[in-house]
Amino acid sequence: MENQRVLVTGGAGFIGSNLANHLAADNDVVAVDDLHLGTPENLDEEVEFVDASVLDDDLPTEDVDALFHLAAYSSYTMAEEHKREATRVNVEGFVNAVEQAREDGCDTVVYASTSSIYGSRTEPSPEDLPVEARTCYEASKLAREQYGEYFHHHYEMTLAGLRFFSVYQGYGGAEEHKGEYANTIAQFTHKIANGERPKVFGDGSQTRDFTHVDDIVRGIELAADHRLQGIYNLGTGESYTFNEMIGMINDELGTDVDPEYVENPLDVYVHDTMADSTKMREATGWEPEISFEEGVERVCAPYEV
């Protein structure tokens with residue numbers, strides 16, 4: 001993507017700021033964020049920052065060529081504790097941002113859905129797998145996908161809904177301020193590096209398809225470049241247990257910190273995830289470039305100086 005004007009909602013958050021900073025090298029980028037989970041400190045000076053909510057009536061959508069909608073209450077716990085506000089932001093905020101962009105002539109949208117709607121699966125999950133909403137968070141993301149279909153059919157817009165799988169980066173990658181809501185790898189690495197035992201729900205056998213944020217950012221940009229329509233997975237197709245992840249962190253840091261296993265306090269918990277990203281690969285040529293081994297090395301590197 002080059003010489004475009006783009007709007008990134010949730011642009012001061014984790015994935016949003018990584019995307020905004022990446023695109024700003026060749027494009028005019030505006031990042032909107034209400035600073036609920038983001039901070040302007042995440043953004044490079046080339047990015048124009050606007051302190052606003054996706055629920056506002058006057059979003060900066062004028063002359064925008066593409067809308068990247070990442071603003072959201074972005075976890076199960078966060079949404080369950082604030083159902084009404086999470087639903088407003090995740091659903092009404094999506095409709096509001098897309099509608100304002102449409103009214104100003106933008107017809108290309110890429111937005112964040114979620115892989116958690118697949119539930120627990122140890123086999124790769126393709127996009128046509130039956131899904132269900134078991135939480136407020138999942139219901140709000142499925143609603144986005146339904147509204148995405150509406151805007152496509154009613155207005156002939158193209159809207160790519162991306163189901164991300166366990167996106168990670170270290171605390172140096174725009175999540176330190178999020179504390180308990182930061183990605184698990186960043187949290188665990190920080191604790192282990194400081195001699196603290198990370199708390200693990202259950203016995204640590206749960207698995208995740210950990211996908212580095214740099215690969216996610218490339219996928220988001222490709223979705224816009226190819227003006228994709230519909231739902232696409234972004235994940236590596238490989239999964240690791242939490243125990244394996246902690247072992248890799250210890251190996252990289254030269255530490256020997258055991259986790260503290262605790263009873264799972266969550267009513268609904270996805271135990272296993274794995275992506276089937278065939279559809280994305282066939283549509284755009286996207287492949288994950290950062291192996292989990294390299295990703296863990298990157299996360300650990302700042303602690304080894």
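See above for the structure.
Residues numbered from 1 in each chain as written. Predicted model: local features only at pLDDT ≥ 70, side-chain atom pairs only at ≥ 80, totals over all residues. Heavy atoms only, no water.

Inspection of the entire model under this criterion finds 13 salt bridges. A salt bridge links Glu 92 to Arg 88, with the shortest nitrogen-to-oxygen separation between them at 3.3 Å. You can see Glu 92 and its partner Arg 88 sitting in helix α3 (residues 83-103), 4 residues apart, about one turn around the helix. Judged by relative accessible area, which is 38%, Arg 88 ranks as partly exposed. The salt bridge partner of Asp 215 is Arg 218, with a shortest N-O separation of 2.9 Å. Highlighted residues: Asp 215 and Arg 218, both in helix α6 (residues 213-225), separated by 3 residues, approximately one helical turn. By relative accessible area, Asp 215 is classed as buried at 1%. Each of Asp 214, Glu 294 and Arg 298 takes part in a single network of salt bridges with overlapping partners. (Salt bridge = Lys/Arg side-chain N within 4 Å of Asp/Glu carboxyl O. Helix = DSSP H or I, 4+ residues; strand = E, 2+ residues; numbered from the N terminus. Buried < 20%, exposed > 50% of the residue type's maximum accessible area, 1.4 Å probe, protein only.)

We now examine the pairing of strand β5 (residues 108-112). Within β5, 5 of the 5 residues are buried, which leaves the element mostly enclosed by the surrounding structure. What you see with β5 is no split at all: Thr 108, Val 110 and Ala 112 on one side and Val 109 and Tyr 111 on the other are buried throughout. Here β5 runs beside strand β6 (residues 158-164); their pairing, made up of 5 bridges, is parallel. By the bridge assignment for β6, Tyr 111 is matched with Gly 161. Once the chain exits β5 it traverses helix α4 (residues 136-155) before rejoining the sheet at β6, and the crossover so formed is right-handed. (Pairing = 2+ DSSP bridges. Right-handed = clockwise from strand over helix to strand, strands pointing away.)

Across the sheet, which stays open at both edges, the 7 strands sit in the order β3-β2-β1-β4-β5-β6-β11 with parallel pairing between neighbours. Each having just a single partner strand, β3 (48-51) and β11 (230-234) make up the two edges of the open sheet. Taken pair by pair, the neighbouring strands of this sheet meet at an average axis angle of 20°, ignoring direction. Bridge count for strand β2 (residues 28-33) against β3 is 4 bridges, and the pairing is parallel. Counterpart to Ala 31 in the pairing with β3 is Phe 49. Sitting on the sheet, helix α1 (residues 14-23) is in contact with β1 (5-9), β2, β4 (66-69) and β6, with an inclination near 165° to β1. Each of β4, β5, β6 and β11 touches α6; the most contacted strand, β6, lies at about 165° to it. (Axes fitted to C-alpha atoms, helices over the stretch in contact; angles between N-to-C directions. Contact = heavy atoms within 4.5 Å.)

So, about a negative patch on the surface. On the surface, a cluster of negative charge is made up of Glu 62, Asp 63, Asp 65, Glu 103 and Asp 104. Turning to its location among the elements, Glu 103 is positioned in helix α3. (Patch = residues over 30% accessible without salt bridge, like charges linked within 9 Å, V, L, I, M, F, W, Y side chains within 5 Å. Areas by Shrake-Rupley, 256 points an atom, 1.4 Å probe, with all protein chains shown as cover. Lys, Arg positive; Asp, Glu negative; His and termini not counted. Charge placed at Lys NZ, Arg CZ, Asp CG, Glu CD.)

Before going further, it helps to spend a moment on the packing of helix α5 (residues 184-193) against helix α7 (residues 242-253). Packed helices, taken two at a time, are described by the angle between their axes plus the distance between the axes. Two elements in contact, α5 and α7, have axes separated by 10 Å at closest approach and are oriented at 45°. Relative to α7, the element α5 lies oblique. For the pair α5 and α7, the crossing hand works out as right-handed. Across the interface between the two elements, Thr 184, Ile 185, Phe 188, Thr 189, Ile 192 and Ala 193 from α5 touch Phe 242, Met 245, Ile 246, Ile 249, Asn 250 and Leu 253 from α7. When its residues are assigned to classes, the contact of α5 with α7 shows 9 nonpolar, 3 polar and no charged. (Parallel < 35°, antiparallel > 145°, perpendicular 65-115°, else oblique. Left-handed = near helix turned anticlockwise from the far one by under 90°. Nonpolar A, V, L, I, M, F, W, Y, C, P; charged D, E, K, R; others polar.)

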